[in-house]
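Geometric and topological summary
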Protein chains: 2
Amino acid sequence: MPIRHCLNVTRSEDFSEWYQAVIVGADLAENSSVRGCMVIKPYGFAIWERMQQILDKKFKELGHVNAYFPMLIPIDLFEKEAEHVAGFAKEMAVVTHHRVELKDGKLVPASPLETPLAIRPTSELIIGESMARWIKSYRDLPVLVNQWCNVVRWEMRTRMFLRTTEFLWQEGHTAHETEEEARTETTLMHDVYKWFICDILKMHGIPGKKPEFEKFAGAVDTYTVESMMQDGKALQAATSHYLGQNFARAVGIQFQGRNGDLCYAHTSSWGITTRIIGGLIMSHSDDDGLNLPSEIAPYHVVIIPILKGENNDEIMRYCDSIKESLKESIRVFIDKKDTPPQNKKWDYIRKGVPFVMEIGTNELIDKGVFFTKRLTLEKKSMSISEFLNTIDDMLLTHDETLLTRCNENCEKKICNTIESIGEMREFFSNRENGFVVAKFDTNTTDTSVLDEMAVTVRCVPNHQTGTDGQCILSGNETKTDAIFAKSY
Amino acid sequence: MPIRHCLNVTRSEDFSEWYQAVIVGADLAENSSVRGCMVIKPYGFAIWERMQQILDKKFKELGHVNAYFPMLIPIDLFEKEAEHVAGFAKEMAVVTHHRVELKDGKLVPASPLETPLAIRPTSELIIGESMARWIKSYRDLPVLVNQWCNVVRWEMRTRMFLRTTEFLWQEGHTAHETEEEARTETTLMHDVYKWFICDILKMHGIPGKKPEFEKFAGAVDTYTVESMMQDGKALQAATSHYLGQNFARAVGIQFQGRNGDLCYAHTSSWGITTRIIGGLIMSHSDDDGLNLPSEIAPYHVVIIPILKGENNDEIMRYCDSIKESLKESIRVFIDKKDTPPQNKKWDYIRKGVPFVMEIGTNELIDKGVFFTKRLTLEKKSMSISEFLNTIDDMLLTHDETLLTRCNENCEKKICNTIESIGEMREFFSNRENGFVVAKFDTNTTDTSVLDEMAVTVRCVPNHQTGTDGQCILSGNETKTDAIFAKSY
């Protein structure tokens, strides 16, 4: 029996261990010596860079500009928005000293600060302070800024990408003249995230609105894309918040309106984080490792030269010529390292490279290529000209297969026939999990029965059936559908 | 006399005030409510983004890959490299708590950490820890990583861009099998910075080596590009360090060598920060505001529609058609905001847009363009076809003029005839300042006479005259030339 070079644990054996194994197998990241903080290794970071490029381009097309705001925020600034601080107080890293000194051979903090500084858990207040300086008149509106940066939220139980104390993200912050404009911006960015998650990342995603008790701390409304992972759990993939005038009042974002009155701006904020890489992993990977949609894949094709002796130079030159003949939009890497080619092949399978090519004497003689399709592990030989003619179509098929496979798996796990808490409890006691679509009265506040099941209301989806029914929690009459699920 | 819309202070009146005025006038940045931390505003950040794109492309062409490492570093990790910690202990921001709570209506730090965490002042140790895990054999070398991130170094006296508590930078870190390879990498990156500063930014720059007492804390050798500002002071523009095996020994970066022995790697690190934007400002700006080299300018051309009534729509369409007819590599912005066009014009002059175009009825009728050349404030009318044919040449001339003007000004302020401390004291008592090239025995350690003058040894330039002479400090015989200057 041939040796399998796949992961040493499968999804069905242990989903959580498998998730770790995919990350290690694809060399995406590693834990650091710093509690709760990960190292994003070059291959993992290349995925984040691809995501940044695509989103940044889209944000700019929509009129946003990038800027950079201080990471250290005086903690008394948080006193200005009570709901906001209540949401973040428990997870703020605080800088209290600005020097270290040696004492008995150990370094200890020295020179205490007068006002302790929080490391930003999010930047509504500090960016709001700038906006308050920038905005004088309705003519200065809208302000549409974004920053790519790191944030820190202290986490007790961490998991690579999904939940780390420090993570990377983008945070968009906008200020508008009217509620309508701020709401339009919020839903526009909600749509951008839906497009990114479903059309670019080929992930499953249900766009909707968070219930009151799951909103961002300080927001009027929070919109989310809830994405189902292969184990049936939900991942909150990206959120967009209409903040009303809450933050404008807290930090004084005021402007002279068209009629001369002094008005508070309406603001929005929206963000997506490196946790989406965790979502991407749990959406598409299989028991052989990672799979990547073509827009995100650092390489579409990796060429492994199979060198056995006398014609090594010719084979290398042939590999170079294959790379050169592919157009620029196809990202190609030739692995010239002096390690066994069979190991290399399985490294790139685990890394989710769509086409892993092995080029040796036969291919050189035939002017052909031999490659493995990552998704199906199907092996193919064809002439170089056929490969050049079909690579675009093969990438398209690759992407369509990823999307279809992911959505079909997810749709099987959506249950919309549950009408009682008893049925829901039974559904979620099944280790398969999934999404339950059930009636939910949005005025409900007591979710204790869900807490017992470790289930949450993920969102009120934008798509509503409009049918009559009873809230599964309160029994109240309601037409509203909500998604219930366990989550990451 | 026409109203001048230039800055309210000139270089000759007060260089330091003028520097602030350029930043405010070009809307590059502002001070924040956070001590020592600045906000990089959208136009300033667009300049940093252009710099990032150019450098990132070059780094990748040279085989480097990006990654991301934790910002929070346990302070005991710094105990491993004594020289390193001695260099940074006085400026480290320390996180000691991971929660805040309300006490008598005030937020205070809560939940102390067992091991305090420093915010990275630089990442040799934390990246070294990862390298120690990654590198097992000589086959794993070289490792060539880079990260774009924020760092914090506590500063008592801060100035926008030049010296801020938090700043942005890139830090490259590499590990090699041999000293020769690590030294080659260090000088390669030193050359890349020289190219970036002189060829891309069109700034003055003298590449050289730092004397022992000015080296990076923990380095064997530090290379620098010292750039002269318009006031004759030096700015350390970018540094590259050969670290020997110092950090490899501190964190255990070991590998099995070709002969089977366990060896320590040789490492390098190199970085450039947002302070280079301060250097760019002080190199090229004039009494009307900023000037930018074309590679860095967010816009090459800004079009201001001059709208006076009936033909407004036609003028707007004509502006759009001018933009569309320019090829993609020319960055064009049409300012359609409803504010007075004369104010707009001077806004863009202060922002250093190379060509500020005003398009009204005359231009519409003549199929022409009217524009002001930023560098000379010369006004020009020409047909649209002539503009399209000459824009590339005009940008080239713009860049050449910037470079020539900058270098000519700097060369006037380089003095190589000083042979005694008395002469040097006289030179630096002159408020014009400048660079002094004088003999320097690299074994000299007593620099107290320089300290009194607030002068430092900037570098031993790569270009040496090789003439005999006496060290200006010790009187010892030496052939070595060094640059002495006041600095930022």
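Small disclaimer: the values here were computed from a predicted structure and weren't measured.

As for the packing of aromatic side chains
- Considering all chains together, one arrives at 28 aromatic pairs over all chains under this definition.
- Each member of the aromatic cluster is reached from another via a ring pair, and the members are Trp48, Phe59, Trp148 and Trp270 of chain A.
- Between Lys58 of chain A and the ring centre of Trp195 of chain A, over which it is positioned, the NZ or CZ distance is 4.6 Å.
- The ring of Tyr43 of chain B carries the charged tip of Lys351 of chain B above its face, separated from the ring centre by 4.2 Å.

Describing the domain arrangement of chain A
Residues and elements named next belong to chain A.
- Under the domain assignment, chain A is made up of domain 1 (15–284), domain 2 (301–397) and domain 3 (414–485).
- The gap between the C-alpha centroids of domain 1 and domain 3 is 28 Å.
- Taken together, the contacts link 19 residues of domain 1 with 17 residues of domain 3.
- Each partner contributes to the roughly 1400 Å² buried at the junction of domain 1 and domain 3, and carbon and sulfur atoms together form 62% of this total.
- If you sort the residues of domain 1 by the area they bury against domain 3, Ile206, Phe213 and Met228 come out on top, with a joint share of 31%.

Some details on the pairing of strand β18 (residues 368–373) of chain A
All names here are of chain A.
- Sheet analysis places strand β17 (residues 355–359) next to β18, joined by three bridges and oriented antiparallel. The partner of Phe355 across the bridge, within β18, is Lys373.
- Pairing between β18 and strand β19 (residues 379–383): five bridges, direction antiparallel. Residue pairing in the sheet places Thr372 in a bridge with Lys379 of β19.
- The antiparallel pairing of β18 with β19 creates a hairpin that spans five residues between the two strands, and Leu377 there sits at a positive phi of about 60°.

With respect to the packing of helix α1 (residues 15–25) of chain A against helix α7 (residues 275–284) of chain A
All names here are of chain A.
- Put simply, α1 and α7 touch, their axes get as near as 11 Å, and they point 110° apart. What the angle tells us is that α1 and α7 run roughly perpendicular. With respect to the hand of their crossing, α1 and α7 are arranged in right-handed fashion. From α1, Phe15, Trp18, Tyr19, Val22 and Ile23 reach across to α7, where they touch Gly278, Ile281 and Met282.
- Counted by class, the contact of α1 with α7 contains seven nonpolar, one polar and no charged residues.

Considerations on the relation of the copies chain B and chain A
- With an RMSD of 0.0 Å, the operation that places chain B on chain A is a rotation of 180° combined with a shift of 0.0 Å along the axis. Such a turn and shift between the copies fits a two-fold axis. Looking at the rotation axis and the C-alpha trace of chain B, the residue lying nearest is Val95 of chain B, at 2.1 Å.
- When the interface residues of chain B are mapped onto chain A, 100% of them are again interface residues, pointing to one common binding face.

Quick word on the pairing of strand β10 (residues 221–228) of chain B
Residue and element names in this part refer to chain B.
- β10 sits mainly inside the fold: eight of its eight residues count as buried.
- Both faces of β10 are covered, namely the face carrying Asp221, Tyr223, Val225 and Ser227 and the face carrying Thr222, Thr224, Glu226 and Met228.
- Both strand β9 (residues 206–209) and β10 contribute to a ladder of four bridges, which runs antiparallel. Its bridge partner being in β10, Ile206 is matched across the sheet by Glu226.

A short note on the sheet that holds strand β19 (residues 379–383) of chain B
All names here are of chain B.
- The strand order β16-β15-β17-β18-β19 describes an open sheet built from five strands, whose pairing is mixed. The open sheet has two edge strands, β16 (332–334) and β19, and neither has a second partner. Taking each pair of neighbouring strands and ignoring which way they run, the sheet shows an average axis angle of 25°.
- Taken strand by strand, helix α8 (residues 312–325) contacts β15 (301–305), β16, β17 (355–359) and β18 (368–373), and its axis lies near 170° from that of β15.

Description of the interface of chain B and chain A
- With 68 residues of chain B at the contact, the number on the chain A side is 68 residues.
- For chain B, the biggest contributors to the area lost against chain A are Tyr68, His98 and Leu107 of chain B; these three give 12% of the whole.
- At the junction of chain B with chain A, the criterion picks out eight salt bridges.
- For Asp338 of chain A, the salt bridge goes to Arg139 of chain B, with nearest N and O atoms at 4.0 Å.
- Remark: the boundary between chain B and chain A carries 34 residue pairs in polar contact (both at pLDDT 80 or more).
- With eight residues, the single largest contributor to the side of chain B that touches chain A is strand β6 (residues 106–119) of chain B.
- Residues that form the side of chain B that touches chain A fall into these classes: 38 nonpolar, eleven polar and 19 charged.

Definitions and cut-offs
- Residues numbered from 1 in each chain as written.
- Chains lettered and ligands numbered in written order.
- Predicted model: local features only at pLDDT ≥ 70, side-chain atom pairs only at ≥ 80, totals over all residues.
- Heavy atoms only, no water.
- Phe/Tyr/Trp six-rings, centres within 6.5 Å; stacked < 30°, edge-to-face > 60°.
- Lys NZ or Arg CZ within 6 Å of the ring centre and 35° of its normal.
- Domains from an automatic or database assignment.
- Contact = heavy atoms within 4.5 Å.
- Buried area = accessible area lost by both parts, 1.4 Å probe.
- Pairing = 2+ DSSP bridges.
- Helix = DSSP H or I, 4+ residues; strand = E, 2+ residues; numbered from the N terminus.
- Axes fitted to C-alpha atoms, helices over the stretch in contact; angles between N-to-C directions.
- Parallel < 35°, antiparallel > 145°, perpendicular 65-115°, else oblique.
- Left-handed = near helix turned anticlockwise from the far one by under 90°.
- Nonpolar A, V, L, I, M, F, W, Y, C, P; charged D, E, K, R; others polar.
- Least-squares fit on C-alpha atoms with pLDDT ≥ 70 in both.
- Buried < 20%, exposed > 50% of the residue type's maximum accessible area, 1.4 Å probe, protein only.
- Salt bridge = Lys/Arg side-chain N within 4 Å of Asp/Glu carboxyl O.
- Polar contact = N/O pair within 3.5 Å; in protein donor to acceptor, adjacent residues only side chain to side chain.

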